Amino acid sequence: MISKQLETGDLQDRRADPLDVQKGTWQVTLTHDGSRTLRLDGSDVTFHSTSGAATESRHVFVNNSGIFENASSGGRIRILEIGFGTGLNFLLTADEAIRRSRTVDYVAIDQMLVPRGLFEELGFGGLVEYRCLVSQLGELLGENSPADLACPSVESVKTQGHPYVFGVSTARRVTLQLLLYDFRNVPMPAGPFDAIYFDPFGPDVNKEIWQANFLATMYPLLKPGGTLVSYCVKSAVQQSLRNAGFEVRAVRGPAGGKRQVLIATRPGGVNERKTGKEDQSHQ
């Protein structure tokens, strides 16, 4: 399952056997802001920061990407996520888009899906205004959807099964295309995107994804002025992104969580802006 091992504070990336991550047992755990995440049984490897799963997701991805400020007013916003995980980044982004009356096309790549039972235990319905988003994602993960909840901006469509590609269309405001692939052989979707949420497990688990050659493939997928955002500020990752052409900054992390997180911008956009508060002491 592609997600991440997000360290809190200034701790180093936690180590885990990649096979354990793929085949291990995951348990629901409460984080410090009251939201829940998944922890690998017998380890400290988690999908989100234990300092606050929802706080981290909003700060690192929704806010730092600048998607609702940078994208042209009323225009369609395109987002690519590397590492869908529990779907929390998608849910918070989609909920914000509906509240702002913005249209979002969201494409996510992962290797496996979270089982529906675990997803329901996470209780993400309490984190969003449009709870139907959670029921629709639950429908993707299981055979039967719960009773539909009122959601004026989302149109529910049954999932069309495919061994590697699943599609959910919420046609009025948000579309989600979830692609299941082995990251060692990923056919990238066509760009350009306004933002890339780079959210796989850390380099110790998903080494190939953090290599310079893979990071370089992100650059042409972004629009000029588009941003790649991530929790990882390792110096090797920052340098690989700079070598690929990005302007890279380590900025302040979420309250109670990591000291720094990453924003990488493709130069040339008319809507470029400083996002987050910069910290000049890069790790």
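Scroll up to find the structure this text is about.
Below or above, wherever it landed, is the structure these notes cover. (Residues numbered from 1 in each chain as written. Predicted model: local features only at pLDDT ≥ 70, side-chain atom pairs only at ≥ 80, totals over all residues. Heavy atoms only, no water.)

Here's the deal with the pattern of salt bridges
For clarity, the threshold we go by: Basic side-chain nitrogens of Lys or Arg form a salt bridge, by our definition, when they fall within 4 Å of a carboxyl oxygen of Asp or Glu. Labels follow the DSSP assignment, with helices taken as runs of H or I lasting at least four residues and strands as runs of E lasting at least two, numbered in each case from the N terminus. Each residue's exposure class comes from its accessible area (1.4 Å probe, protein chains only) as a fraction of the maximum for that residue type: buried when under 20%, exposed when over 50%, partly exposed otherwise.
Per the stated rule, a full pass over the model turns up six salt bridges. In this structure, Glu69 engages Arg100 in a salt bridge whose closest nitrogen and oxygen atoms are separated by 3.6 Å. Taken as a pair, Glu69 in helix 3 (residues 67-70) and Arg100 in the loop between helix 4 (88-99) and strand 4 (103-110) lie far apart in primary sequence, 31 residues in all. Residue classification places Glu69 among the partly exposed residues on the basis of a relative accessible area of 46%. With its nearest N and O atoms 2.6 Å apart, the salt bridge here joins Glu96 to Arg100. Taking the relative accessible area as the measure of exposure, Arg100 reaches 39% and is therefore partly exposed. The network of salt bridges with shared partners includes Glu69, Glu96, Arg99 and Arg100.

Description of the packing of aromatic side chains
Note the cut-off: In this scheme Phe, Tyr and Trp rings, the latter by its six-membered ring, pair at centre separations within 6.5 Å, and the angle between planes marks the pair as stacked below 30 degrees, edge-to-face above 60, and tilted otherwise. Only when the NZ atom of a Lys or the CZ atom of an Arg is both within 6 Å of the ring centre and within 35 degrees of the ring normal do we say a charge sits over the ring.
The full count for this structure, using the stated rule, is twelve aromatic pairs. Here the aromatic rings of Phe47 and Phe201 are separated by 6.3 Å at their centres, their planes lie at 55 degrees, and the arrangement is tilted. Of this pair, Phe47 sits in the loop between strand 2 (36-40) and helix 2 (53-63) while Phe201 sits in the loop between strand 7 (193-198) and helix 7 (212-216); the two residues are 154 residues apart in sequence, bridging distant segments of the chain. Arranged with centres 6.3 Å apart and planes meeting at 40 degrees, the rings of Phe84 and Phe90 form a pair that is tilted. As far as burial versus exposure is concerned, Phe84 and Phe90 are alike and both buried. Here the aromatic cluster, defined as three or more aromatic residues joined through ring pairs, consists of Phe61, Phe84, Phe90, Tyr106 and Tyr197. Its end group placed over the ring of Phe193, Arg78 keeps NZ or CZ at 4.2 Å from the ring centre.

Notes on the side chain of Ser65
Stated precisely, the cut-off is as follows: The definition of a polar contact used here is a pair of N or O atoms within 3.5 Å, where within protein one atom must be able to donate a hydrogen and the other to accept one, and adjacent residues in sequence count solely through side-chain atom pairs. Contacts are residue-level and defined by heavy atoms, with any inter-residue pair within 4.5 Å sufficient.
Mapping Ser65 onto the fold places it in the loop between helix 2 and helix 3. Since its relative accessible area comes to 2%, Ser65 is described here as buried. Side-chain polar atoms of Ser65 contact the backbone oxygen of Val62, separated by 3.1 Å. Look past the residues within four positions of Ser65 in its chain and what remains in contact with it is Val60, Asn70, Ala195, Tyr197, Thr227 and Val229.

What about the nonpolar core?
Here is a general trend for soluble globular proteins: nonpolar side chains tend to be buried in one another's company. Selection criterion: Put simply, a nonpolar core is a bunch of buried Ala, Val, Leu, Ile, Met, Phe, Trp, Tyr and Cys residues held in one set by side-chain atoms that sit within 4.5 Å of each other.
Judged by nonpolar contacts, the single largest core of 49 residues is most densely connected at Trp26, Phe90, Leu91, Tyr106, Phe119 and Tyr197. Per-element tally for this core: the top contributor is helix 4, with seven residues. Dropping the residues within four chain positions of it, Phe90 is found in contact with Glu81, Phe84, Tyr106, Val174 and Leu176. One finds Ile109, Phe183, Ile209 and Met218 within the second-largest nonpolar core, a separate group that totals 29 residues.

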